[in-house]
Amino acid sequence: MPVKLEKETEAYVLGSIRRFFAEDLEEDIGDLKAMRVLDFCIHEIGPSIYNQAIADAQSFLQEKVADLSGVHYEAEFDYWKKR
């Protein structure tokens, strides 16, 4: 599943990449180089992050579903027992 960022998000990330290069690596880069870095990260690193996020969400949901009957259980045919 290809990742496509919203325009506002992409603009922010590109600015962040340029700032990182300028402040941490002491190298000024333009929009083209920043876009290439972003494309590399999305294609090379993005799938690993995405897959881990899906695995984490799946694990979380499985834990919640497994405990559903313990958390949300209502006794049946209990009307006469309460009287």
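Note: the structure precedes this text.
Just so we're clear, the structure is a prediction, and the values are computed from it rather than from any experiment.

Our next topic: the packing of aromatic side chains. Going through the model one piece at a time under the given rule, you end up with two aromatic pairs. Taken together, a centroid distance of 6.0 Å and an interplanar angle of 85° make the contact between phenylalanine 20 and phenylalanine 21 edge-to-face. When its relative accessible area of 42% is taken as the criterion, phenylalanine 20 is described as partly exposed. With 4.8 Å between their ring centres and 85° between their planes, tyrosine 79 and tryptophan 80 make a pair best called edge-to-face. By the burial criterion, tyrosine 79 is exposed, and tryptophan 80 matches it.

Bringing unusual backbone geometry into the picture now. The backbone of glutamate 26 shows a phi angle near 50°, a positive value even though the residue is not glycine. Mapped onto the elements of the fold, glutamate 26 is located in the loop between helix H1 (7-24) and helix H2 (31-66). Even without being a glycine, phenylalanine 77 presents a positive backbone phi close to 50°.

Residues Phe40, Ile45 and Ile49 make up a contiguous nonpolar surface patch of roughly 300 Å² in combined accessible area. Among the secondary structure elements, isoleucine 45 is positioned in helix H2. The exposure class assigned to isoleucine 45 is partly exposed, which follows from its relative accessible area of 38%.

Our next topic: H1. With 18 residues, H1 should reach 26 Å at 1.5 Å per residue; the first-to-last C-alpha distance of 25 Å fits that figure. Of all the residues in H1, the buried ones are Glu10, Leu14, Ile17 and Phe21. The arc that holds the buried residues of H1, viewed along the axis, is 60°, so those residues lie on one side. Opposite the buried face of H1, by more than 90 degrees, sit the exposed residues Glu8, Tyr12, Arg19, Glu23 and Asp24. Looking at the buried residues of H1, the elements they touch are H2. Directly beyond the C-terminal end of H1, a positive phi value near 50° is found at glutamate 26.

How each quantity is defined
Residues numbered from 1 in each chain as written. Predicted model: local features only at pLDDT ≥ 70, side-chain atom pairs only at ≥ 80, totals over all residues. Heavy atoms only, no water. Phe/Tyr/Trp six-rings, centres within 6.5 Å; stacked < 30°, edge-to-face > 60°. Buried < 20%, exposed > 50% of the residue type's maximum accessible area, 1.4 Å probe, protein only. Helix = DSSP H or I, 4+ residues; strand = E, 2+ residues; numbered from the N terminus. Patch = residues over 30% accessible without salt bridge, like charges linked within 9 Å, V, L, I, M, F, W, Y side chains within 5 Å. Areas by Shrake-Rupley, 256 points an atom, 1.4 Å probe, with all protein chains shown as cover. Salt bridge = Lys/Arg side-chain N within 4 Å of Asp/Glu carboxyl O. Expected span 1.5 Å × (residues − 1). Arc of directions from axis to C-beta. Contact = heavy atoms within 4.5 Å.

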